[in-house]
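Residue-level structure breakdown
As a plain string of letters, each chain reads:
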Amino acid sequence: MKATKSSPTTEGWRTAHGPTIEEFQSHLRGSLVQPNDPEYDEARTIYNGMIDKRPRFIVQCADVADVIAAVNFGREHELRVAIRGGGHNGPGLALCDDGLVIDLSAMNGVRVDPVTRTARVEGGAQWADVDHATHAFGLATVSGIFSTTGVGGLTLGGGHGYLTRKYGLTIDNLLSADVVLADGQLVHANADENPDLFWALRGGGGNFGVVTSFEFRLHPVKTVIAGPMFWPLDALEATMGWYRDWLPEAPENVYAFYLVAEVPGPPFPEHLHGEKVCGLMWCYLGPETRADDVMAAARAVATPLFEHVGPMPYPALQTMFDALYPPGYQWYWKGDFVDELTDDAIAVHRQFAQVPTAHSTMHLYPIDGAVHEIDPDATAWNARDTTWSMVIAGIDPDPAQREIITRWARDYWEALHPYSGDGAYVNFMMEEGEDRIRATYGENYDRLREVKAKYDPENFFRVNQNVEPAA
Ligand SMILES: Cc1cc2nc3c(=O)[nH]c(=O)nc-3n(C[C@H](O)[C@H](O)[C@H](O)COP(=O)(O)OP(=O)(O)OC[C@H]3O[C@@H](n4cnc5c(N)ncnc54)[C@H](O)[C@@H]3O)c2cc1C
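Residues numbered from 1 in each chain as written. Predicted model: local features only at pLDDT ≥ 70, side-chain atom pairs only at ≥ 80, totals over all residues. Heavy atoms only, no water.

1. Description of the pattern of salt bridges
What the rule picks out here adds up to 20 salt bridges. A salt bridge links aspartate 456 to lysine 452; the nearest nitrogen and oxygen atoms lie 2.8 Å apart. With relative accessibility at 0%, the residue lysine 452 sits in the buried group. One network of salt bridges, with partners in common, ties together Lys334, Asp336, Glu432 and Arg436. (Salt bridge = Lys/Arg side-chain N within 4 Å of Asp/Glu carboxyl O. Buried < 20%, exposed > 50% of the residue type's maximum accessible area, 1.4 Å probe, protein only.)

2. Remarks on the pairing of strand E2 (residues 57-60)
Pairing of strand E1 (residues 31-33) with E2, which is carried by three bridges, proceeds in the antiparallel orientation. Each residue of the ladder has a partner; that of leucine 32, found in E2, is valine 59. The sheet contact formed by E2 and strand E4 (residues 100-103) spans four bridges and is parallel. Paired with isoleucine 58 across the strands is valine 101, a residue of E4. (Pairing = 2+ DSSP bridges. Helix = DSSP H or I, 4+ residues; strand = E, 2+ residues; numbered from the N terminus.)

3. Quick notes on the sheet that holds strand E6 (residues 118-122)
Ordered in space as E5-E6-E10-E8-E9, the five strands form an open sheet in which the pairing is antiparallel. In the strand order of this sheet, the two ends are held by strand E5 (110-113) and strand E9 (186-190), each with one partner. Between one strand axis and the next, the sheet turns through 15 degrees on average, direction left out of account. Relative to E6, E5 is paired through four bridges, and the arrangement is antiparallel. If you follow aspartate 113 over to E6, its bridge partner there is threonine 118. Against the sheet, helix H4 (residues 127-135) makes contact with E5, E6 and strand E10 (210-217), and its axis sits at roughly 35 degrees relative to E5, the strand it touches most. (Axes fitted to C-alpha atoms, helices over the stretch in contact; angles between N-to-C directions. Contact = heavy atoms within 4.5 Å.)

4. Some thoughts on the layout of surface pockets
Its volume calculated, the largest pocket comes out at about 470 Å³. Lining the largest pocket are 22 residues, and of these Pro264, Phe268, Met320, Phe321 and Leu324 lie nearest its centre. Listing elements by their share of the lining of the largest pocket, those giving two or more residues are strand E12 (223-232), strand E13 (254-262) and strand E18 (361-366). Per-element accounting of the lining of the largest pocket gives the leading share, three residues, to E13. Residues that form the lining of the largest pocket fall into these classes: 16 nonpolar, five polar and one charged. (1 Å grid on protein atoms, 1.4 Å probe; cavity = no way out; pocket = protein on both sides within 12 Å on 5 of 7 lines; lining within 4 Å. Points joined across faces, edges and corners; volume = space filled by probe spheres on them. Nonpolar A, V, L, I, M, F, W, Y, C, P; charged D, E, K, R; others polar.)

5. Looking at the environment of alanine 140
As for its placement among the helices and strands, alanine 140 is situated in strand E7 (residues 139-140). Taking the C-alpha atoms as reference points, alanine 140 and leucine 218, 78 residues apart in sequence, are found 5.2 Å from one another. Contacts of alanine 140, omitting those with residues within four sequence positions, involve Thr134, Leu163, Arg217, Leu218, His219, Val221 and Tyr314.

6. Side note on the site of the ligand
Around the ligand, 34 residues are found, and the nearest of them are Gly85, Gly87, Leu93, His160 and Tyr425. Note that an oxygen atom of the ligand is positioned 2.7 Å from one of the backbone N or O atoms of leucine 93. Measuring from an oxygen atom of the ligand, one finds a side-chain N or O atom of asparagine 427 at 3.1 Å. For the shell around the ligand, the elements supplying multiple residues, two or more each, are strand E3 (81-84), helix H5 (151-157), E10 and strand E17 (330-338). The greatest single-element share of the shell around the ligand, amounting to four residues, is contributed by H5. Among the residues forming the shell around the ligand, the class breakdown is 16 nonpolar, 17 polar and one charged. (Near = heavy atom within 4 Å. Polar contact = N/O pair within 3.5 Å; in protein donor to acceptor, adjacent residues only side chain to side chain.)

7. Here we look at empty space enclosed by the protein
By the definition in use, this model includes three cavities of 30 Å³ or more. Surrounding the second largest cavity, Gly157, Gly203, Phe337, Trp381, Asn382, Ala383, Val426, Thr440 and Tyr441 form its lining. The class makeup of the residues in the lining of the second largest cavity is five nonpolar, four polar and no charged.

Don't take any of this as a statement about function, it's just geometry.
Okay, structure coming up:
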């Protein structure tokens, strides 16, 4: 739909060179939203309700030509530029104050080829769009644990989820990408074409350009045996210790992430509402009869307070948390890679496991199995030998709780950090500075800076977990 804005100018903004706002707008298929427009507040709203940024221009792109026009306009007018995919980024890197946002959310088409078992996905799609399209063919690729998360940010950061032990990270299933570079050129990146760019895109985040489409490998995944198993917090030491010892021996078709949480309202049994718990979220790829053998071992460690594990379509698992965590809640999170879960670290978990609000939580996501089968320098994601990606997330609907959830997440993280690696999954970081980014990429960091210097020497794409171009 073509934009028909009546007030196309932004007060105080002057074009030094390059096209005027009106010329730019007339070339767009999508809409240009500016601060005086009635849609402005909705257009600058993202998932994390804590973020309140005020961009000067929001370009709601309809197609690749709009993305190219937006990149050129941003560059010619020396604007700070942010890229918005699904809008789920914790520190709100989908937006920027005072600059231009390239909003891809209307570009959400998915084309599945069931013969080659591949899907081509536009850069602004959410995982719900992908699951919907691929499930019709009994296929899926590796994504996260929420269907509302964006394909763009999750994939470019690495991506882990229920299928990771069996099929690796999301980037391990990325076959190619179309990218609009800082100079406005559209390039294709895969193992043969621009292989250095393709290497960097797989874990290096939004540093290298706007990815307008991703091509993924799909796997036969239709029905999974999945769901939560909760214990009282008194069982944390026993169950987390068992989980630590069990995971390295577990077959790759069994996935379970460990969590601390509070039992929400319905559909959970009423007598458990508000109970603080620890537990596992299971996802088993295999016959139901065998799943019970796997889970019986966990039940034997301590009697669960509650469990709801059974067969379900894969998209049902993917959407299980969506309603519990709608957009607009306050989120503050911190993460770390965890190589080893020592008894001392488990004692710290026990100390902080009383979540401060009903939605706050800690998750330990397995990063093993198929992830370990790939060399650390094969993609930009360096942490191929870690065991978990941990996130501590303080969450609440009420902005008045902001201080409480932030303090809990920081205190918990600071107490645990001595037992963790120096780096963290870039998608579970707030804005934490260059040292953390360097630690995360480890030996791949310098190579990433070289690729950045080749494809984005002016650091045009810098609203992200930024990798500065090599000098
Ligand atoms: C509720 C929730 C659950 C989550 N669960 C998981 C999980 O299970 N597994 C997991 O791996 N992660 C998970 N995450 C983290 C998630 O991967 C990050 O928040 C990620 O940034 C979200 O991507 P997005 O496209 O929605 O974000 P956005 O905020 O839109 O984008 C984040 C950044 O990604 C870049 N970007 C996005 N799209 C593009 C594109 N097309 N081209 C170039 N750059 C782009 C930009 O730099 C942008 O600043 C979760 C996040 C939330 C809030």
